[in-house]
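Read off the chains here:
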Amino acid sequence: VQLQASGGGLVQAGGSLRLSCAASGRTFSSHAMGWFRQAPGKERELLAAITWSGGSTHYANSVKGRFTISRDNAKNTVYLQMNSLKPEDTAVYYCAADRLLSGDYTQMNEYVYWGRGTLVTVSS
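Here's what I pulled together on the structure shown here. Numbering of residues starts from 1 in each chain and follows the order in which that chain's sequence is written. With pLDDT at 70 or above as the cut-off, local features in this predicted model cover only qualifying residues; side-chain atom pairs require 80 or more to be listed or tallied, and sums for whole chains, interfaces and linings still use all residues. Hydrogens and water are ignored here; the side-chain numbers use all heavy atoms of the structure.

## Side note on the pairing of strand β4 (residues 33-38)
Item 1. Burial runs high along β4: five of the six residues are buried.
Item 2. Pairing between β4 and strand β5 (residues 45-50): five bridges, direction antiparallel. Opposite Phe 36, over in β5, you have Leu 46 as the bridge partner.
Item 3. In textbook terms, the turn of a hairpin is the stretch between consecutive antiparallel strands, and for β4 and β5 this stretch comprises six residues, one of which, Gly 41, has a positive phi near 80°.
Item 4. Pairing between two strands is assigned when DSSP locates at least 2 bridges connecting them. Labels follow the DSSP assignment, with helices taken as runs of H or I lasting at least four residues and strands as runs of E lasting at least two, numbered in each case from the N terminus. Judged from the six bridges that link them, β4 and strand β9 (residues 91-98) form a sheet pairing that is antiparallel. Looking at β9, one finds that Trp 35 is bridged to Cys 95. Between buried and exposed lies partly exposed: a residue is buried under 20% and exposed over 50% of the maximum accessible area for its type, with that area taken using a 1.4 Å probe on protein chains only.

Written as structure tokens, this is what we have:
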């Protein structure tokens, strides 16, 4: 599966952005999907994940209540709605798909298909 994230940009603190991740391939609807970010000098972190059906979601504490992950399997697309953005949310954001039949969609090491990132900059 090939992935392409989009929707990043410059936004003021308190603002919102919606990221999209378009997938190619026929197995998209079978993969759990995740959104990650990596800020300069920091490790990549898992922000939000969603099961193949969309029935379960998982969030990092740092974004819980502010970010929402969703997916549209008919459109082969996963989204990340980001509200109440803070300067510390500034990072490159990536989407990823897990290996099929993975064990735990909340674990970063289950994600093996990565798209190119999209930069989100939040100004104070």
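## What to know about the side chain of Arg 71
Item 1. By the secondary structure assignment, Arg 71 is in strand β7 (residues 67-72).
Item 2. In this structure, Arg 71 is buried with no salt-bridge partner, the nearest side chain bearing the opposite charge being Asp 98 at 7.2 Å.
Item 3. As used in this structure description, the phrase polar contact means that two N or O atoms lie within 3.5 Å; if the pair is within protein, one of them must be able to donate a hydrogen and the other to accept it, and residues adjacent in sequence are counted only when both atoms belong to side chains. Polar side-chain contacts of Arg 71 include one of 3.5 Å to the backbone oxygen of Trp 52.
Item 4. We call two residues in contact whenever any of their non-hydrogen atoms come within 4.5 Å of each other. Once you skip the residues sitting within four places of it in the chain, Arg 71 turns out to touch Phe 28, Ser 29, His 31, Ala 32, Met 33, Ile 50, Thr 51, Trp 52, Gly 54, Thr 77 and Val 78. The charged-residue count follows a simple rule in which Lys and Arg add positive charge and Asp and Glu add negative charge, with His and chain termini not counted at all. When a carboxyl oxygen of Asp or Glu is within 4 Å of a side-chain nitrogen of Lys or Arg, the pair counts as a salt bridge.

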